[in-house]
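Residue strings, one per chain:
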Amino acid sequence: MDYHYAELVGVAAAAASLYAAHAKTIIPLRVAAIVANVLAMGYSFLHGTYPTFALNALLLPLNAWRLRAMLNLIRETEAAAAGDMNADWLLPYMRPKNFKAGEIMMARGDYATEAFYIVSGEIEIVENGAVRKQGTLIGEIGLFTPNGRRTMTARAKTDVQAAKIDYDQFKELYFQNPQFGFRLLHLIVARLQTSNELPQPAGSVVTT
């Protein structure tokens, strides 16, 4: 056995692990972690430290799966931003929530803690009478308002099947990957422009 070669592999594994620990975005982190897993497996095999080999053999598919999930998210986000401006790409991160006709989904002045995606049914924006249908994301603007409060009231016009995402998870997705954040903002601004709902100064009618 060439122990010098084995030590070089070990040093490379440690370097990859250190890079992963200092990576600020999720994709470089996962790539570095995968490289570290592969190198650590080689180092452990050459030294006969099989528990460490087994640990990295378990971590490798986990890191590969998480990397694939984030790449898919970015690809779907890009498709959404370039396409019909729906938000189907967020559904895997959301939980179902249903509303009866006439029920208030969010009220103006309330603290904004979650966004909703309309799976089926229709909602009405009370302040301007605008109707939102299937495939619409609402309430996401509250994540970016200075005071964190709703600026409009949304009421279920029919029975509504919706999916919700908490802002904590929204923020996690936003900060994990700058490209996701950029595409999310692109989606929001494009939807505002197409529906003539660009935010107005204080006291004006603005979006949810």
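Keep in mind that this is a model prediction, so the values were computed, not measured. (Residues numbered from 1 in each chain as written. Predicted model: local features only at pLDDT ≥ 70, side-chain atom pairs only at ≥ 80, totals over all residues. Heavy atoms only, no water.)

**Q** Requested: an account of the layout of surface pockets, with residues and values cited.
**A** One number sums up the size of the second largest pocket: a volume of about 230 Å³. Around the second largest pocket sit 13 residues that line it, and Arg66, Ala69, Met70, Tyr93 and Leu173 are the ones nearest its centre. Going through the elements one at a time, helix 2 (26-47), helix 3 (50-82) and helix 4 (167-176) are the ones with two or more residues in the lining of the second largest pocket. Tallying contributions element by element places helix 3 first for the lining of the second largest pocket, with six residues. A class-by-class count of the residues in the lining of the second largest pocket yields six nonpolar, three polar and four charged. (1 Å grid on protein atoms, 1.4 Å probe; cavity = no way out; pocket = protein on both sides within 12 Å on 5 of 7 lines; lining within 4 Å. Points joined across faces, edges and corners; volume = space filled by probe spheres on them. Helix = DSSP H or I, 4+ residues; strand = E, 2+ residues; numbered from the N terminus. Nonpolar A, V, L, I, M, F, W, Y, C, P; charged D, E, K, R; others polar.)

**Q** Tell me about the nonpolar core, residues and numbers included.
**A** Counting 19 residues, the largest nonpolar core has Leu90, Met94, Leu137, Ile165, Tyr167 and Phe170 as its most contacted members. Taken together, the elements giving at least two residues each to this core come down to helix 3, strand 3 (114-120), strand 8 (160-166), helix 4 and helix 5 (178-194). Sequence-distant contacts of Ile165, defined by excluding residues within four places in its chain, comprise Leu90, Tyr93, Met94, Glu114, Ala115, Phe170 and Leu173. Among the nonpolar cores identified, the runner-up in size contains 14 residues, and Ile118, Ile125, Ala130 and Ala162 belong to it. (Core = buried A, V, L, I, M, F, W, Y, C linked by side-chain atoms within 4.5 Å. Buried < 20%, exposed > 50% of the residue type's maximum accessible area, 1.4 Å probe, protein only. Contact = heavy atoms within 4.5 Å.)

**Q** Before we move on, can you summarise the sheet that holds strand 3 with the specific residues and values?
**A** Read across the sheet, four strands follow the order 1-8-3-6 without closing on themselves; strand pairing throughout is antiparallel. Either end of the sheet is taken by a strand with one partner, and the two such strands are strand 1 (95-99) and strand 6 (137-138). In this sheet, strand 6 lies alongside strand 3 in antiparallel orientation, the contact comprising two bridges. Bridge pairing in strand 6 links Tyr117 to Leu137. (Pairing = 2+ DSSP bridges.)

**Q** Outline the side chain of Ser44, listing residues and values.
**A** Summarising the element assignment, Ser44 is placed in helix 2. Apart from residues lying up to four places away in sequence, Ser44 is in contact with Thr49, Thr52 and Phe53.

**Q** How would you summarise the pairing of strand 8 if you had to cite specific residues and measurements?
**A** With five of seven residues buried, strand 8 is to be regarded as a mostly interior element. Summarising the sheet, strand 3 and strand 8 pair through six bridges and their orientation is antiparallel. Opposite Ser120, over in strand 8, you have Gln161 as the bridge partner.

**Q** Pulling in residues and values, what's your account of helix 2?
**A** Residues spaced three or four apart along an α-helix face the same direction, because each turn holds 3.6 residues. Compared with the 32 Å implied by 1.5 Å per residue over 22 residues, the 31 Å span of helix 2 between its first and last C-alpha is a close match. Just beyond helix 2, the residue with positive phi is Gly48, at close to 75 degrees. (Expected span 1.5 Å × (residues − 1).)

**Q** Requested: an account of the side chain of Thr136, with residues and values cited.
**A** Of note, Thr136 is situated in the loop between strand 5 (131-132) and strand 6. Take Thr136: its relative accessible area is 13%, and that puts it in the buried class. A distance of 2.8 Å separates the side chain of Thr136 from the backbone oxygen of Lys133, its partner in a polar contact. (Polar contact = N/O pair within 3.5 Å; in protein donor to acceptor, adjacent residues only side chain to side chain.)

**Q** Lay out a nonpolar patch on the surface with the relevant residues and their values.
**A** Together, Leu55, Leu59, Leu62 and Trp65 make up a nonpolar patch on the protein surface, roughly 400 Å² of accessible area in all. Here Leu55 is to be found in helix 3. Its relative accessible area of 49% is what places Leu55 among the partly exposed residues. (Patch = residues over 30% accessible without salt bridge, like charges linked within 9 Å, V, L, I, M, F, W, Y side chains within 5 Å. Areas by Shrake-Rupley, 256 points an atom, 1.4 Å probe, with all protein chains shown as cover. Salt bridge = Lys/Arg side-chain N within 4 Å of Asp/Glu carboxyl O.)

**Q** Describe in detail the sheet that holds strand 7 (residues 154-156), supporting the description with residues and values.
**A** Paired through backbone hydrogen bonds, the strands of a sheet run either parallel or antiparallel to each other. With respect to topology, four strands assemble into an open sheet ordered 2-7-4-5, the strand pairing being antiparallel. Of all the strands in the sheet, just strand 2 (104-106) and strand 5 have a single pairing partner and so form its edges. Here three bridges tie strand 4 (residues 123-125) to strand 7, and the two strands are oriented antiparallel to one another. Note on strand 7: the bridge partner recorded for Ile125 is Ala154.

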